[in-house]
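Examination of the molecular architecture
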Amino acid sequence: QCTHELVPPEELLPTLKAVANAFVADRCPPESIAVGINTLRELITRAPALLSEDGMDDFCQDIAAYSKYRDRSVVMAARGFLNAVRNLHPTLLKRKDRGKFHNPNAKPTEYGSVKVVSNVPGAALLQLEREGLISIDEEGELVVRIGDEDEGSDAGSDADEIVMEGTDDDDDEGDDEEAQEAKPEDEEDGAKEDAAVEDDDDDDDEEVPDLIPMQEEA
């Protein structure tokens, strides 16, 4: 618990080797080996600068070899150590142990160095919310209101870049309203056509008088 990034790696290196020599050895029972490997994994995870010390490539390769041990608990612990090194410093491992999708440029930060973030992701949305250009509805969806052109092109461009959810629903509602408005007209046209067809049927049903054949004169 006292291991963290602010502890110098040269002071943690003797502790790392002491744990490895006392617990991770063939003379030790499998339970002790598993506990030792898990401890080594926690040390390099909490203080990644340890992997930048000299001789850590051979050390990591020796621990990774326990992934083919006969005991299952030792194998699981060795795989956890192997995955931790893959994420932090994969070039320390052998090529076959680095994994297919590892990042070859991944390296732990040097002791005392901190990654500085220049901006906070999503901070522009707070300004847009204060200006009333965006809001969150009851369903948790983002609602964008496009402001006037005089209010500033920057705010308008930021609002345009945001993908609005629910626009398809609005379009569907507009189509439904148009369909409902057009429906009565279609019904009236259909009624007129039906009336015209019935009139034609009535004309066809009228009786046609029989013609009396003319008698030829003798």
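Residues numbered from 1 in each chain as written. Predicted model: local features only at pLDDT ≥ 70, side-chain atom pairs only at ≥ 80, totals over all residues. Heavy atoms only, no water.

**Looking at the overall build of the protein chain**
Of regular secondary structure, the protein chain possesses 7 helices and 2 strands. Ordered by position from N to C terminus, the α and β elements of the protein chain give α-α-α-α-α-β-β-α-α. Among the 218 residues that make up the protein chain, the fraction classed as buried is 26%. Of the contacts formed within the protein chain by residues at least 6 apart in sequence, a portion of 51% connects residues at least 24 apart. For the protein chain, the accessible surface area stands at approximately 16800 Å², while carbon and sulfur atoms represent 47% of it. (Helix = DSSP H or I, 4+ residues; strand = E, 2+ residues; numbered from the N terminus. Buried < 20%, exposed > 50% of the residue type's maximum accessible area, 1.4 Å probe, protein only. Contact = heavy atoms within 4.5 Å. Areas by Shrake-Rupley, 256 points an atom, 1.4 Å probe, with all protein chains shown as cover.)

**Re the environment of V24**
The residue V24 is located in the loop between α1 (9-23) and α2 (30-46) in this model. Residue classification places V24 among the buried residues on the basis of a relative accessible area of 10%. As for V24 and D62, which are separated by 38 residues in sequence, their C-alpha atoms are 9.9 Å apart.

**Notes on a negative patch on the surface**
Side chains of D54, D57, D58 and D62 sit close together on the surface and give a patch of like negative charge. Structurally, D54 can be placed in the loop between α2 and α3 (56-64). Since its relative accessible area comes to 70%, D54 is described here as exposed. (Patch = residues over 30% accessible without salt bridge, like charges linked within 9 Å, V, L, I, M, F, W, Y side chains within 5 Å. Salt bridge = Lys/Arg side-chain N within 4 Å of Asp/Glu carboxyl O. Lys, Arg positive; Asp, Glu negative; His and termini not counted. Charge placed at Lys NZ, Arg CZ, Asp CG, Glu CD.)

**Things to note about the packing of aromatic side chains**
Under the counting rule described, the total for this entry stands at 1 aromatic pair. The interplanar angle of 40 degrees and the centroid separation of 5.8 Å between the aromatic rings of Y66 and Y69 together place this pair among those described as tilted. In this structure, Y66 and Y69 share a single accessibility class: buried. (Phe/Tyr/Trp six-rings, centres within 6.5 Å; stacked < 30°, edge-to-face > 60°.)

**Comments concerning the nonpolar core**
Ranked by size, the top nonpolar core spans 35 residues in total, and within it I37, L40 and F81 carry the most contacts. Looking at this core, the elements that each hand over two or more residues are α1, α2, α3 and α4 (72-88). Take this core: its biggest share by element is 8 residues, from α4. (Core = buried A, V, L, I, M, F, W, Y, C linked by side-chain atoms within 4.5 Å.)

**Some words on the pattern of salt bridges**
Overall, the coordinates contain 2 salt bridges when judged by the stated rule. R41 is the partner of E42 in a salt bridge, and the nearest nitrogen-oxygen pair spans 3.3 Å. Of the residues examined, E42 reaches a relative accessible area of 33% and is grouped as partly exposed. By relative accessible area, R41 is classed as partly exposed at 25%. The shortest N-O distance in the salt bridge between E42 and R46 comes to 3.5 Å. Within this pair, E42 and its partner R46 are both found in helix α2, separated by 4 residues, close to a single helical turn. Residue class for R46 comes out partly exposed when judged on its relative accessible area of 37%. Beyond isolated ion pairs, a larger network of salt bridges with shared partners links R41, E42 and R46.

**Observations concerning the side chain of T3**
Along the chain, T3 turns up in the segment before α1. Given the relative accessible area of 12%, T3 is considered buried. Not counting residues up to four positions away in its chain, the partners in contact with T3 are L12, L43, R46 and A47.

**Regarding the confidence of the model for the protein chain**
Note that predicted coordinates carrying low pLDDT should not be read in detail. On average, residues of the protein chain score 74 in pLDDT, and 66% of them are at 70 or above. Confidence drops under pLDDT 50 across residues 148-171; counting only partners more than four residues distant or on other chains, this segment forms 17 contacts. Between residues 201-212, whose pLDDT stays under 50, and residues either more than four places distant or in other chains, the model counts 0 contacts. (pLDDT = per-residue confidence, 0-100.)

**Looking at the side chain of R98**
Inspection of the secondary structure puts R98 in the loop between α4 and α5 (123-130). The side chain of R98 is buried and forms no salt bridge, while D97, the nearest opposite charge, is found at 8.4 Å. Engagement of the side chain of R98 in a polar contact is seen with the backbone oxygen of L93, the distance being 3.0 Å. (Polar contact = N/O pair within 3.5 Å; in protein donor to acceptor, adjacent residues only side chain to side chain.)

**Comments concerning the packing of α3 against α4**
Each pair of packed helices can be summarised by the angle the axes make with each other and by the distance between the axes. Orientation of α3 relative to α4, taken along the N-to-C sense of each, is 145 degrees, at an axis distance of 9 Å. Facing α3, whose interface residues are F59, C60, I63 and A64, α4 presents A78, F81, L82 and V85. Residues of the contact of α3 with α4, tallied by class, amount to 8 nonpolar, no polar and no charged. (Axes fitted to C-alpha atoms, helices over the stretch in contact; angles between N-to-C directions. Nonpolar A, V, L, I, M, F, W, Y, C, P; charged D, E, K, R; others polar.)

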